[in-house]
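What follows is each chain in one-letter form.
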Amino acid sequence: MFFLAPKDVSVGLDIGSHSIKLIKLKRGKKVKILNARKVLLPQDVIRGSFINENIRDQKVFTEKVKELFISAGVNNKEIAVGIPDTSARNIFLELKNVPENKEDAKELIKWKLKKDIDSNLDKKFAIDYQILGKEKKDKKNLFRLFVVLSNKKILAEYEELLRNIGLKPVSLVLSSFGLINFIDFIEKRSGDSLIINMGHQVTTLLILKDQKLDFMRSIDIGGRNFTSKIKEHYSVNW
């Protein structure tokens, strides 16, 4: 759900607290950007949260999405959607064994997390994971997993409002994962990478080792404040 980039979708919508962005791609040997637009949002229309509703003003949200598609001249209905990173909870988990069947693996992860998060985890949350690799700890080989938990009510909130205006959200991904997928589309990389996704209110840092996610942290500092803090700390001329 959160890690796979849709193969047949050429339009992406990125929903943030300050703006909604639209991009249309043409696929081929190389990916070409055909259109890119954004529309600004009034304050507090969107507030990414793991527990509380994200879309505080549904009328304004739907109007702005319609405005964006009209201004871009895009008629595609099937879209990939990026939602705020703070709409989900990210957990690094270690397991002795991971079942080959993905659904069985999810059941095992849910069982491990139930006692720490919520006994009704099955009913309240959707789950996805990615295996990062193996490492030896206390003489045991353990699988390292990156797990994403999302509130089903919040996912339904985005999906229902978009469907109500005639759009078909094929996939929902966290904004930063969408950024990784987009970079993978346009550039085949190797080795390690640091990706900084600077939003208006939140900045997310991602470290990829051999192009697999190894670290992710969202901090409540927007883009301008983030660069200001970096300047203060390192006295860098930008």
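Fair warning: this is a prediction, and the values are worked out from it, not measured in the lab.

S.K.: Just give me the short version of the environment of D214, but keep the residues and values in it.
M.R.: Topologically, D214 is positioned in strand β11 (residues 212–219). In this structure the C-alpha to C-alpha distance between D214 and L132, which are 82 residues apart in sequence, comes to 7.0 Å. With sequence-adjacent residues up to four places away left out, D214 is seen in contact with F92, L132, R144, I207, L208 and K209.

S.K.: Give me the confidence of the model for the protein chain: which residues, what numbers.
M.R.: Any residue range with low pLDDT should be treated as having predicted coordinates unsuitable for detailed reading. With 84% of its residues at a pLDDT of 70 or more, the protein chain shows a mean pLDDT of 82. Mean pLDDT in the protein chain bottoms out at helix α6 (residues 223–234), which sits at 56, and peaks at helix α1 (residues 58–72), which reaches 96.

S.K.: Account for unusual backbone geometry, with residues named and values stated.
M.R.: Its identity is not glycine, yet D44 carries a phi of approximately 70 degrees, on the positive side. Locating D44 in the fold gives a position in the loop between β3 (32–40) and α1. Judged by its relative accessible area of 34%, D44 falls in the partly exposed class.

S.K.: Run through helix α2 (residues 102–114), naming residues and quoting values.
M.R.: Along its 13 residues, α2 runs 18 Å from first to last C-alpha, staying within 8% of the 18 Å computed at 1.5 Å per residue. Burial in α2 covers these residues: A105, K106, I109, K110 and L113. Projected down its long axis, α2 shows its buried positions confined to an angular sector of 140 degrees, all on one face. Buried residues along α2 sit against β5 (88–95), α3 (121–124), β6 (125–137) and β7 (140–151). The N-terminus of α2 is capped by N101, whose side-chain oxygen sits 3.0 Å from the backbone nitrogen of E103.

S.K.: I'd like a rundown of the sheet that holds strand β10 (residues 203–209), residues and numbers included.
M.R.: Spatial ordering of the open sheet is given by β9-β10-β11, a layout of 3 strands whose pairing is antiparallel. Two strands lie at the open edges of the sheet, namely β9 (193–198) and β11, each paired on one side alone. Taken over all neighbouring pairs, the strand axes of this sheet differ in orientation by 15 degrees on average, direction set aside. As paired elements, β9 and β10 share 6 bridges and run antiparallel to each other. By the bridge assignment, I195 is partnered in β10 with L206.

Parameters at a glance
- Residues numbered from 1 in each chain as written.
- Predicted model: local features only at pLDDT ≥ 70, side-chain atom pairs only at ≥ 80, totals over all residues.
- Heavy atoms only, no water.
- Helix = DSSP H or I, 4+ residues; strand = E, 2+ residues; numbered from the N terminus.
- Contact = heavy atoms within 4.5 Å.
- pLDDT = per-residue confidence, 0-100.
- Buried < 20%, exposed > 50% of the residue type's maximum accessible area, 1.4 Å probe, protein only.
- Expected span 1.5 Å × (residues − 1).
- Arc of directions from axis to C-beta.
- Polar contact = N/O pair within 3.5 Å; in protein donor to acceptor, adjacent residues only side chain to side chain.
- Pairing = 2+ DSSP bridges.
- Axes fitted to C-alpha atoms, helices over the stretch in contact; angles between N-to-C directions.

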